[in-house]
Amino acid sequence: MSKDPSSQPTARKHTALPKAQILIEALPWLTRHHGKTVVIKFGGNAMVDEELKAAFAQDVVFLHHAGLRPVVVHGGGPQISKALDRHGIVSEFKAGLRVTTEDAMDVVRMVLAGQVQRELVGLLNQHGPLAVGLTGEDAHTITATKHQPRIEGELVDIGRVGEITEIDTGAIEALLADGRIPVVSSIARSQDDGHVYNVNADTAASALAAALGAETLMVLTDVEGLYEDWPHSDEVISRLTAKELEKLLPELASGMVPKMEGCLHAVRNGVETARVIDGRVQHSILLEIFTDEGIGTMVVPDHDDSTTGTEGES
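Presented here is a report on the structure given in the accompanying data block. (Residues numbered from 1 in each chain as written. Predicted model: local features only at pLDDT ≥ 70, side-chain atom pairs only at ≥ 80, totals over all residues. Heavy atoms only, no water.)

1. Focus on the overall build of the protein chain
Working step 1: When helices and strands are tallied, the protein chain shows 9 helices and 16 strands.
Working step 2: Here the protein chain, with 314 residues, has 48% of them falling under the buried criterion.
Working step 3: Look at the contacts in the protein chain between residues 6 or more apart in sequence, and 72% of them connect residues 24 or more apart.
Working step 4: Accessible area of the protein chain: about 15200 Å², with a carbon and sulfur share of 52%. (Helix = DSSP H or I, 4+ residues; strand = E, 2+ residues; numbered from the N terminus. Buried < 20%, exposed > 50% of the residue type's maximum accessible area, 1.4 Å probe, protein only. Contact = heavy atoms within 4.5 Å. Areas by Shrake-Rupley, 256 points an atom, 1.4 Å probe, with all protein chains shown as cover.)

2. Describing the packing of helix H6 (residues 201-212) against helix H8 (residues 257-267)
Working step 1: At their nearest, the axes of H6 and H8 sit 8 Å apart, and the two run at 10° to each other. Between H6 and H8, the interaxial angle falls into the category roughly parallel. Contacts from Asp202, Ser206, Ala207 and Ala210 of H6 reach H8 at Pro258, Lys259, Gly262, His265 and Ala266.
Working step 2: The residue makeup of the contact of H6 with H8, split by class, is 4 nonpolar, 3 polar and 2 charged. (Axes fitted to C-alpha atoms, helices over the stretch in contact; angles between N-to-C directions. Parallel < 35°, antiparallel > 145°, perpendicular 65-115°, else oblique. Nonpolar A, V, L, I, M, F, W, Y, C, P; charged D, E, K, R; others polar.)

3. Here we look at the nonpolar core
Working step 1: With 44 residues, the main nonpolar core has Ile40, Phe56, Leu124, Ile285 and Phe290 as its most contacted residues.
Working step 2: Elements supplying a minimum of two residues to this core: helix H1 (7-33), strand E1 (37-42), helix H2 (50-65), helix H3 (77-86), helix H4 (102-124), strand E10 (181-185), strand E13 (216-221) and helix H9 (284-290).
Working step 3: The element contributing the most residues to this core is H4, with 11 residues.
Working step 4: Discounting chain neighbours no more than four positions away, the residues touching Ile285 are Ile40, Phe56, Asp59, Leu63, Met218, Leu220 and Ile277. (Core = buried A, V, L, I, M, F, W, Y, C linked by side-chain atoms within 4.5 Å.)

4. Examining the environment of Leu226
Working step 1: Relative to the helices and strands, Leu226 resides in the loop between E13 and strand E14 (239-241).
Working step 2: Residue classification places Leu226 among the buried positions, given a relative accessible area of 3%.
Working step 3: Sequence separation between Leu226 and Ile277 is 51 residues, and the spatial gap between their C-alpha atoms is 8.9 Å.
Working step 4: If sequence neighbours within four positions are ignored, Leu226 has contacts with Glu235, Val236, Ile237, Leu240, Leu245, Leu248, Leu252, Met256, Met260 and Thr297.

5. Comments concerning H4
Working step 1: An ideal rise of 1.5 Å per residue puts 33 Å on 23 residues; H4 measures up with 32 Å between its terminal C-alpha atoms.
Working step 2: At Gln117, H4 shows its maximal kink, close to 35°.
Working step 3: Buried within H4 are the following residues: Ala104, Met105, Val107, Val108, Val111, Leu112, Val116, Gln117, Leu120, Val121, Leu123 and Leu124. (Expected span 1.5 Å × (residues − 1). Bend = angle between axes of the 7 residues up to and from the residue.)

6. Topic: the environment of Gln115
Working step 1: Residue placement: Gln115 occurs in helix H4.
Working step 2: Note: C-alpha distance between Gln115 and Ile80 (35 residues apart in sequence) is 9.8 Å.
Working step 3: Contact partners of Gln115, with chain neighbours within four places excluded, come to Gln79 and Met110.

If you want it as structure tokens, here you go:
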């Protein structure tokens, strides 16, 4: 005689129940974020670790299929440094920015648009004909003028490093309307001298998020978030307002300054939340957007009076 078939569906239900619970937990966030634009700055260890790169691509494609409109912005510091070494060009930094000579700019352009972007577009397109790469030069997406940082009271020439003056979102909006995932390299066209400029990718991501009216800016880093009292404590600040962040900026390590300045710019220019999350954690983007716990540090506008904590608690 055959076994009672009624016992088999019961076993399958028990096995599938945790998966169903995970999906149900995501439902409020799926509803909240549907149709919203999310700008994600791709960087840090997630750019060089093969498993993290693959997980990042999966996360971005998941956001797309979940009804969000992801836009990816990337730099390529490690890859640029290696390429400059191969070309015998010394990497030099001043005020936390790469000194970019004429020769170095050619390498930067080649690496960002021809290597890093191509690889990322390829990873995303393993899941379907979704990603389209462009640089800030294309369709005047990012326009910049020469940036000269002030060091010890003096303006310093650091070459082809740009300060963003204008954003044109037309090409990105057209791609989003066509159901694509724009992947933007942080290179800008010149406003005034015919050159091409290397712009900080954190700054580019925040400027694009503001110009697009994005709901969220997400910045992937190699740390858990913004620490409360580093190096004396590894306690991460889960949420802070723009005003609170502004007070902390002078005390931050140089590597965190452009990221947190970008978050500040974003939330003061219409972006609802800016988050710094640990790109070393696989699927950190999904954990931040679609779970109750969330990870990393979230910055909100000053007028946000919600309860301290992650978005799930606000």
